[in-house]
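# A structural walkthrough
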Amino acid sequence: MDKNSAALYKKMQTEVESYQNLQKSCVKIVKQRALLESQLNENKCVLDELNLLGPDNKVYKLFGPVLVKQELEDSRQNVGKRIEYISKELKSSTDTLENMEKDMLKHREAVSKYQQQWQVAAAMK
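The name given to the chain in an unreviewed UniProt entry is Probable prefoldin subunit 6, with Drosophila virilis as the source organism. Turning to the chain, the UniProt record has this under Sequence similarities (unreviewed entry): "Belongs to the prefoldin subunit beta family." Here is the UniProt Subunit (unreviewed entry) comment for the chain, exactly as written: "Heterohexamer of two PFD-alpha type and four PFD-beta type subunits."

Next comes the structure, spelled out in structure tokens:
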């Protein structure tokens, strides 16, 4: 392999490694999103149940091994805040995933370009 082909091959390998690292990061974010989505659904179900309760019903929250009485409105607000936080985290992970996919596309295009250049250089020998 001549110097030009070797340099192209090295650039291509660097792009492939970057692409693979982005893929690994995407997998982690997708797993995180799945967890957030399940937490969001769970909290929405809890809020629906709390909304079914009347003012005379009692609500308890588990703190370690102890059940502690909690005001119904406080419970609703806490669950609402949790839903809001999880929704923001989901949006953030969606944005991150979209940016990573754009970067992956750039790396794929660069790998393709380097492969073509490398093949042309190899054919000219």
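### Some details on the pairing of strand S2 (residues 66–70)
Strand direction decides the pairing type here: strand S1 (residues 59–63) and S2, joined by 5 bridges, are antiparallel. For Leu-62, the partnering residue across the bridge sits in S2 and is Leu-67. Where S1 hands over to S2, the hairpin turn is made up of 2 residues, of which Gly-64 adopts a positive phi near 60°.

### Re the side chain of His-107
Among the structural elements, His-107 can be located in helix H2 (residues 72–123). For His-107, the residues in contact, after removing those within four places along its chain, are Glu-15, Ser-18, Tyr-19 and Leu-22.

### Quick word on the UniProt feature "coiled-coil region" (unreviewed entry) in the chain
In the UniProt entry, the feature "coiled-coil region" (unreviewed entry) is given for residues 83–117. Secondary structure over residues 83–117 splits into 100% helix and 0% strand, and the C-alpha atoms at its two ends are 51 Å apart.

### Some remarks on the pattern of salt bridges
Under the counting rule described, the total for this entry stands at 4 salt bridges. Notably, a salt bridge pairs Glu-73 with Arg-76, separated by 3.6 Å at the nearest N-O pair. Of the two residues, Glu-73 and Arg-76 are both situated in helix H2; the distance of 3 residues between them amounts to about one turn of the helix. The partner of Glu-84 in a salt bridge is Lys-88, with the nearest N and O atoms 3.7 Å apart. With Glu-84 and Lys-88 both in helix H2 and 4 residues apart, the pair spans about one turn of that helix. Judged by its relative accessible area of 47%, Glu-84 falls in the partly exposed class. Judged by relative accessible area, Lys-88 falls into the exposed class, the value being 54%.

### Quick look at the nonpolar core
Ranked by size, the top nonpolar core spans 9 residues in total: Leu-36, Leu-40, Leu-50, Val-59, Leu-72, Val-79, Ile-83, Ile-86 and Leu-90. Among the elements that make up this core, the one with the highest residue count is H2 (5 residues). Other than its neighbours up to four places away in sequence, Leu-36 contacts Ile-86, Glu-89, Leu-90 and Ser-93. Of all hydrophobic cores here, the second largest spans 7 residues; its members include Tyr-19, Leu-22, Leu-97 and Met-100.

Criteria and thresholds
Residues numbered from 1 in each chain as written. Predicted model: local features only at pLDDT ≥ 70, side-chain atom pairs only at ≥ 80, totals over all residues. Heavy atoms only, no water. UniProt positions renumbered as here; feature names shortened; annotations may be inferred. Pairing = 2+ DSSP bridges. Helix = DSSP H or I, 4+ residues; strand = E, 2+ residues; numbered from the N terminus. Contact = heavy atoms within 4.5 Å. Salt bridge = Lys/Arg side-chain N within 4 Å of Asp/Glu carboxyl O. Buried < 20%, exposed > 50% of the residue type's maximum accessible area, 1.4 Å probe, protein only. Core = buried A, V, L, I, M, F, W, Y, C linked by side-chain atoms within 4.5 Å.

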